[in-house]
Amino acid sequence: MPADIHVRVGDTIEWTARGIEGHTISFASEQQQRTLLGSYLQPDPADPAQNIFNPDVALKTRTGSTFSGDGTYYNSGFIGVPAEQKYTLTFSDTGLYQYLCLVHPFTMRGTVSVDSPSSPVEAPATVASRGEAEFTKYIEEEKRAVAQAKAEPHDVPAPDGATLHRVNVGVTTPYGQAATFVNAALDIKAGDTVIFENDDRDFHNVVFKGSLAEPPPGIGIIVDPEGRGLNFSLDKRSGIAVDPPPGGFDDQTFLSSGSMGILQPRLTWRLRFDKPGSYSFACTIHVLAGMAGVIIVR
């Protein structure tokens, strides 16, 4: 932030990414975007049972640090996780250039207008201040969206006196997504059903660790041997669906929705809870954000 900026020919932009999720700064034509998003996930060569991100999405391109605006694909690769990272480009030709984050292509887009050397543009400190103001504004919008989601009714009467409880897996606004379950704590009765409803703009999973000491990881880290950054796998231990066995389940049973969201096989997951107990669950992709909850069945 800010998403839109004017610079002069020869100026350099430095982007900083930090947080619980990786991002990219990607300058790609519409055709390039379609190709990249059409092959977004690929089988992991080391274990075809799980997916990794397309290396052309995940890794930094070999195009250098000077952007010529000739249609060449420029990409930072995944940056910002597990530590703060920066990406810089110097702009050598006038033009209006669009860029996006390939992890969040629906909500994270911007433009760079490269003007002539004599054009008036904002000072770097002014740009940074505007970005901080936008960040504060959008964080407040996320908080309001979460509060609104919590205030909405989530329970629906079901047959035989049971109840259907709806849980949001993430809360999305036009500017981002809050990595949280709404509602994260449920107190229900045996025979009730819970349906987890994911927004299709982000990756999540829902994992009940059962008797495991710790839930399996949601993401595996793959270091590029050429030094172009990190790729990630959607770890098969939580990325592949593990649905209830035919005989039912209790709070000692490991269950996984599998990966939910963009290009994933599942957007919702329905579970009927027939046995009393305390069922802890988490999104293991966003566990660093504290995306977890518990269902008490009485």
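Keep in mind that what you see is a predicted model, and the values were worked out from it rather than measured.

Draft legend 1. Looking closely at the nonpolar core. By size, the foremost hydrophobic cluster in this structure holds 40 residues, and its most contacted members are F196, V206, F208, F273 and I295. At the level of elements, helix 2 (55-58), strand 12 (163-173), strand 14 (185-188), strand 15 (192-198), strand 18 (230-234), strand 20 (268-273), strand 21 (277-282) and strand 22 (292-297) are the ones that each hand at least two residues to this core. In this view, V206 contacts V169, F181, F196, L255, S256, S257, M260, W269, F281 and A282; residues no more than four positions away in its chain are not counted. Counting residues in hydrophobic clusters, the runner-up holds 18 residues, among them I5, Y87, Y99 and V114.

Draft legend 2. Spatial organisation of the packing of aromatic side chains. In the structure shown here, the tally under the stated rule is 25 aromatic pairs. Ring geometry for F208 and F273: centres 6.1 Å apart, planes at 55°, overall tilted. Here F208 is found in strand 16 (residues 207-208), whereas its partner F273 is found in strand 20, with 65 residues between them in sequence. F208 sits in the buried class, given a relative accessible area of 2%. With a centroid separation of 5.0 Å and an interplanar angle of 80°, the aromatic rings of F273 and Y279 are classed as edge-to-face. Note on F273: relative accessible area 0%, which makes it buried. Following the ring pairs from residue to residue traces out a cluster consisting of W15, F27, F67, Y74, Y87, F91, Y97 and Y99.

Rules and cut-offs
- Residues numbered from 1 in each chain as written.
- Predicted model: local features only at pLDDT ≥ 70, side-chain atom pairs only at ≥ 80, totals over all residues.
- Heavy atoms only, no water.
- Core = buried A, V, L, I, M, F, W, Y, C linked by side-chain atoms within 4.5 Å.
- Buried < 20%, exposed > 50% of the residue type's maximum accessible area, 1.4 Å probe, protein only.
- Helix = DSSP H or I, 4+ residues; strand = E, 2+ residues; numbered from the N terminus.
- Contact = heavy atoms within 4.5 Å.
- Phe/Tyr/Trp six-rings, centres within 6.5 Å; stacked < 30°, edge-to-face > 60°.

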